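Descriptive analysis of the structure
Spelled out, the chains give:
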Amino acid sequence: MKPAEWAARHRSGPLDVVVTGLPSDAHTWNLIYIQLLLEDLGHKVVNLGSCVPEDEIVESCCKFQPDLLVVSSVNGHGFNDAQPLIGAIRSRWELTGLPAVIGGKLGVAGGGQKEADVLRKAGFDAVFQDGVDLTAFESYVGSLPREVER
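To keep things clear, this report deals only with the structure shown in the data block. (Residues numbered from 1 in each chain as written. Predicted model: local features only at pLDDT ≥ 70, side-chain atom pairs only at ≥ 80, totals over all residues. Heavy atoms only, no water.)

**Here's the deal with the overall build of the protein chain**
Put simply, the test is: Strands are runs of DSSP state E lasting at least two residues, helices are runs of H or I lasting at least four, and both sets are numbered from the N terminus onward. The buried label applies to any residue whose accessible area, calculated with a 1.4 Å probe on protein chains only, is under 20% of its type's maximum; exposed applies above 50%, and partly exposed to all values in between. Any pair of residues with heavy atoms lying within 4.5 Å of one another is described as a contacting pair. Note that accessible areas follow from Shrake-Rupley with a 1.4 Å probe, and for residues the cover is restricted to the protein chains shown.
Within the protein chain, the regular secondary structure consists of six helices and five strands. For the protein chain, the α and β elements follow one another from N to C terminus as α-β-α-β-α-β-α-β-α-β-α. For the protein chain, with 150 residues in total, the buried portion stands at 47%. Restricting to contacts in the protein chain with at least 6 residues of sequence separation, those with at least 24 account for 81%. In the structure as shown, the protein chain presents an accessible area of about 7,200 Å², 56% of it carried by carbon and sulfur atoms.

In structure tokens:
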């Protein structure tokens, strides 16, 4: 799908969301929690799981053409793993308009505003730091246009 087609899709139904962990992060409870939260909000979720290789995340996004990519990190290596991932996502013409967010523990020292700014500059649309109120994430998801039919 071309970027212009992405923006032109008619929407008003639930979002199709891909949720994933990063290659070095074996935690799963966070991914299940996010999946259940999104499903409770009425969205459809494909949960890729933990320790997902970068190329598998990219190919899954090409295959499923989601309305949102949600990346979660618990082990603190999210900052390092996420930069090449978002670069790979943004390098694919069919994914350039895909809203992509990351959240969780983004640095082994906890991460901070500097890391969040770098990740946004690298291509993430939003960064949700560990300990941030979930209403910010829910508000972001609620602000996205919803698709009616494919």
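And the narrative resumes.
**Things to note about the side chain of Thr-20**
Looking at the secondary structure, you find Thr-20 in strand 1 (residues 16-20). Judged by relative accessible area, Thr-20 falls into the buried class, the value being 0%.

**Looking at the layout of surface pockets**
Convention followed: Any residue with an atom within 4 Å of a point lines the site, the site being either a cavity, points on a 1 Å grid over the protein atoms alone where a 1.4 Å probe fits but cannot get out, or a pocket, an open set with protein on both sides within 12 Å along at least 5 of 7 lines. Grid points are joined across faces, edges and corners, and a volume is the space filled by probe spheres set on the points. Throughout this entry, Asp, Glu, Lys and Arg are counted as charged residues, while Ala, Val, Leu, Ile, Met, Phe, Trp, Tyr, Cys and Pro are counted as nonpolar. The remaining residues, Gly among them, count as polar.
Quantified by volume, the largest pocket comes out at close to 410 Å³. Surrounding the largest pocket, 23 residues form its lining, Ile-34, Ser-72, Gly-103, Gly-104 and Leu-134 being those nearest its centre. Broken down by secondary-structure element, the contributors of at least two residues to the lining of the largest pocket are helix 2 (29-40), strand 3 (68-73), strand 4 (100-104), strand 5 (126-129) and helix 6 (134-143). Per element, the largest residue contribution to the lining of the largest pocket is five residues, and it comes from helix 2. Considering only residue class, the lining of the largest pocket consists of 13 nonpolar, seven polar and three charged.

**Topic: the sheet that holds strand 3**
Inclusion rule: Pairing between two strands is assigned when DSSP locates at least 2 bridges connecting them. With axes taken as lines fitted to C-alpha atoms, and helix axes fitted only over the stretch in contact, angles between N-to-C directions fall between 0 and 180 degrees.
Spatial ordering of the open sheet is given by 2-1-3-4-5, a layout of five strands whose pairing is parallel. One side of each edge strand has no neighbouring strand; the edge strands of this open sheet are strand 2 (44-47) and strand 5. The average angle at which neighbouring strand axes cross in this sheet is 20°, direction not considered. Looking at chain direction, strand 4 and strand 5 are connected through four bridges and run parallel. When the sheet's bridge partners are listed, Val-101 is paired in strand 5 with Ala-126.

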